[in-house]
Amino acid sequence: MSQAVSARLLLISFSFSLLLSAASAAGQQARLPITQDWAIQSSAQVTDTGQSLSQPGHATPGWYTTTVPTTVLATLVRHNVYPNPDFGMNLRQIPGTTYPIGENFSNIPMPPGSPFAVPWWYRTEFEVPAAYKGKQLWLNFEGINYRANIWLNGKQIASDKDVAGTWRSYEFNVTDAVQPGQKNALAVEVFAPLPTDLAVTFVDWNPMPPDKDMGLWRGVYLATSGPVEVRHPHVITDVDTPSLASAHLTVTVELHNATNQPVKGTLKGTIGSIDFSQPVELAASETKEVEFTPQQSSQLNFSNPKLWWPWQMGAQNLYDLHLEFDTDGGVSDQQDTKFGIRQVTSEMNPNGYRVFSINGKRIVIRGGGWSPDMMLRQNPQRLEDEIRLTRDMGLNTIRLEGKLETDHFFDLADRYGILIMAGWCCCDAWEKWPHWPPQNFDISQESLRDQIRRLRNHPSLFVWLDGSDNPPPPDVEQNYLNVLKACRWQNPVVSSATAKPTSVTGNSGVKMTGPYEYVAPSYWEKDKTRGGAYGFNTETSPGPAIPVQESLEKFIPKEKLWPISEAWDYHAGGGAFKNVKVYSDALNARYGTASDLQDYDRKAQLMNYEGIRAMFEAYSRDKYNSTGVIQWMLNNAWPSVIWHLFDYYLQPGGGYFGAKKATELLHAQYNYDDHSISLVSSQYTPANGLKVAATVYNLDMAQKFAKQVTVDAGPDSSQKLFALPNIDGLTPTYFLRLTVDDAGGKRLSTNTYWLSTKPEKLDWEKSTWYYTPTADFADYTALKQLPTVKLKLSSRTGQEGGNDVTHVTISNPGKALAFFVRLKLAKGKGGQEVLPVIYQDNYFSLLPGEKRDLAISYRSSDLGGARPVVEVSGWNIAPATAE
């Protein structure tokens, strides 16, 4: 380490210590993260007791150094004990990996001989500032999977009978155990979840790690307070709709007297420039919820409030709440939190489908299902990249099925205006209610309480689901509702992600009817009884999502890349989704049998684009008979060939840009069911004098039909404009180009379809829960007849908004269509693609003589010191570059 780096680290450490000491000396809460200098080891290799291990200075030779949060397997992989489980079939080399993907892992005990069948020890030493002496000291664990015995400085402060539950958080008063001004030692014995435990599983999304993600998987820290601790600040917002002229705030907080003496003091709060306070008395050891209402504190009635909106509806305004409890002339404790003023409601439309509204305005939910990293590794920058990609696609929602992300994730969702739909998981112990041991009833309620308290101030979190594939039985559902009521939860609650009604809350207003496997693009508008575009579909998909070839090469061994092999299947799903055969059969039938990996890849991106675009377009067109759709899924926990809109490496492929096209704020689209053209507005301001044009071309670019109309688009609207007539003389494959120009002639949208004179026929009678087969495929094999096109390409790079931006000018000087053009920003000529990256558009087509100017945004640091080079390729495109 250089002297300069060492000096900077010393300065940071010194400054941090001063900050902690100053906060503690002022009587305010200080927080000491306990994240560094951990080590882990299997209990099979440890003979010492927790009492001994938690003594400062205890030696731990042969242990694996790490930081927290981390799971056991994540640390072992980092130490190269096991090979990278993301690559090929390496995961099978890790002892204990006997579970096939898609099986109910929570019902399978650890296999004999698994290194994770025994507890693992986590140990660290940390210095506590001397200024903490005389304070109340609180040891916090934000997530332990699953059970634990906890020892501090030779004293056991908690046992595995009390510490149980992946989604619980724990706070222990360790005032008598901590040694301020000295080294302290913490030892935690962690047990993996059992088959009946309410833990983390990945269902059929991807394999379950053999350690079942055991460990200290969330943060650990030590906090201080005076005699009274301030906990769980909360702001309940009531917005006057439809005027939005005022909002009324209720502030609640929990106060806990940590002493055996009564305490009197004053609870004070501030929100921006307003302040409020009230006297409070607490009996010895009393815990009390205190509230400020707009009736008792008139300043909590806000005129012209700055509201929080999802990104397509308005600004993401946030307020800061500060609460402190003053006693004996000083601050005993304080808490700060952000919140947004917004109101979420839902109602059933005349057909019984649930419609959500934000601040009194309806919104079509368009989102994707989220997965964390398979080993629960945390990367704050990656989280922000994934949220940025989500918003860039035009999506407004992320669904969390039993995988409740970090505080940072929710902060980002608040900031970027992405709605979060959260709830418990399917297909594991969370929905095996008849087999619950008595402890699960308590753990489930405490888990819900801890998570709602943690998340309820986030304006992005707009609904809670008590179940996923099934609603809970009446007693469990009522328990959940009681917890939510006690937590003052103000948003909608849905019993499950399915249409199954309950005796407690009645109809859910949502459905979970698939499909999850490949279906033809026309499915979404033609189906009226399954997963088609009506109601709110909480999870659905047109099936596999083949990554681009560059990504496939990162996780499939070279010798297994082509033809499709068992390595591909291992990175598919489970159950009915163990391979990509249905998808590949459709690809070969529609576009011609793939000759090699490159040919398969370009056809896969084309089919991904086509399928995802059709799904989102159908649900947007029929608003508000169709009220929401969640693509299954948004991302992956590991490299996968199914269910994502961007792959594990954050590479956007055809599906990504199909979604981005379908969710444009002003969008003209083709309707497969009646061959009509619709204009869909997803913005909340009117757009008048729009010129919408439709042009049909043969394969040789001979124009066969053209029509333009001038229309007004109301806010959040959808309207059918006209139907395409029967057109004679079409080539077997032909093209439809739709454009939207504003009143001044500025191009707002370009949307290109490739269509077939051979209609696609779905075999409705053979439908299953996961897909509807295609009886007769459309024929796009004529696309191979498109002549090669040489495009003109130029670029320039500058800085905008803190990012590097490369502007690309691309034109088609030829007489043929430049079909499905792909831009790639490379790290130097012939280099890897810069990732993550935001393309203004990609996988687009250029008519003869057409030119486009597009922007590509990225972090300069991701270039790795290389020059940005733009590469162009495509279906019938001669490769070219621009520097």
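Residues numbered from 1 in each chain as written. Predicted model: local features only at pLDDT ≥ 70, side-chain atom pairs only at ≥ 80, totals over all residues. Heavy atoms only, no water.

(A) Spotlight on the overall build of the protein. Within the protein, the regular secondary structure consists of 13 helices and 47 strands. Taking 29 Å as the expected radius of gyration for a compact globule of 883 residues, we find that the protein reaches 29 Å, a close match to that expectation. Reported as C-alpha extents along the three principal axes, the dimensions of the protein are approximately 90 × 65 × 60 Å. Here the protein, with 883 residues, has 62% of them falling under the buried criterion. Taking the intrachain contacts of the protein between residues at least 6 apart in sequence as the baseline, contacts between residues at least 24 apart amount to 72%. For the protein, the exposed surface amounts to about 32,500 Å²; the carbon and sulfur share of it is 49%. Between the centroid of the 80 positive side chains of the protein and the centroid of its 91 negative side chains there is a distance of 5 Å. (Helix = DSSP H or I, 4+ residues; strand = E, 2+ residues; numbered from the N terminus. Rg over C-alpha atoms; globule rule 2.2 N^0.38 Å. Buried < 20%, exposed > 50% of the residue type's maximum accessible area, 1.4 Å probe, protein only. Contact = heavy atoms within 4.5 Å. Areas by Shrake-Rupley, 256 points an atom, 1.4 Å probe, with all protein chains shown as cover. Lys, Arg positive; Asp, Glu negative; His and termini not counted. Charge placed at Lys NZ, Arg CZ, Asp CG, Glu CD.)

(B) Representation of helix H5 (residues 407-416) in the model. Of all the residues in H5, the buried ones are Phe409, Phe410, Leu412, Ala413, Asp414 and Tyr416. Buried residues belonging to H5 abut helix H4 (380-392), strand S25 (397-401), strand S26 (419-423), helix H6 (438-455) and strand S27 (461-465). Looking one or two residues past H5, glycine 417 carries a phi angle of roughly 75°, positive in sign.

(C) Examining the environment of lysine 526 more closely. In this structure, lysine 526 sits in helix H8 (residues 523-526). In contact with lysine 526, other than residues within four places in its own chain, are Tyr672, Asp673, Glu760 and Trp764.

(D) Representation of the pairing of strand S34 (residues 703-713). Judged from the nine bridges that link them, strand S33 (residues 687-697) and S34 form a sheet pairing that is antiparallel. Note on S34: the bridge partner recorded for valine 692 is valine 709. The antiparallel hairpin formed by S33 and S34 contains five residues in its connecting segment, where methionine 701 sits at a positive phi of about 75°. (Pairing = 2+ DSSP bridges.)

(E) Main features of unusual backbone geometry. That bond from valine 68 to proline 69 is cis: its omega, 15°, falls within 30 degrees of zero. Take proline 69: it is sitting in the loop between strand S3 (64-66) and strand S4 (70-71). Following tryptophan 632, the chain continues to methionine 633 via a peptide bond in cis, the omega torsion being 10°. Within the fold, methionine 633 resides in the loop between strand S30 (626-631) and helix H13 (654-662). Its identity as a non-glycine residue notwithstanding, aspartate 716 has a phi of 50°, on the positive side. Structurally, aspartate 716 is set in the loop between S34 and strand S35 (718-723).

(F) Layout of the sheet that holds strand S20 (residues 330-339). Sheet architecture is open: four strands sit in the order S16-S15-S19-S20, paired in antiparallel fashion. Each of the sheet's edge strands pairs with one partner strand only, and the pair in question is strand S16 (274-282) and S20. Adjacent strand axes in the sheet meet at a mean angle of 15° when their direction is disregarded. Here strand S15 (residues 263-271) runs beside S16; their pairing, made up of nine bridges, is antiparallel. If you follow valine 263 over to S16, its bridge partner there is leucine 282. (Axes fitted to C-alpha atoms, helices over the stretch in contact; angles between N-to-C directions.)

(G) Spotlight on the layout of surface pockets. Each pocket or cavity is described by its volume, and for the second largest pocket that value is around 700 Å³. Residue lining of the second largest pocket: 24 residues in total, with Glu664, Leu748, Ser749, Gln840 and Arg852 positioned closest to the centre. Partitioning the lining of the second largest pocket into residue classes produces seven nonpolar, six polar and eleven charged. (1 Å grid on protein atoms, 1.4 Å probe; cavity = no way out; pocket = protein on both sides within 12 Å on 5 of 7 lines; lining within 4 Å. Points joined across faces, edges and corners; volume = space filled by probe spheres on them. Nonpolar A, V, L, I, M, F, W, Y, C, P; charged D, E, K, R; others polar.)

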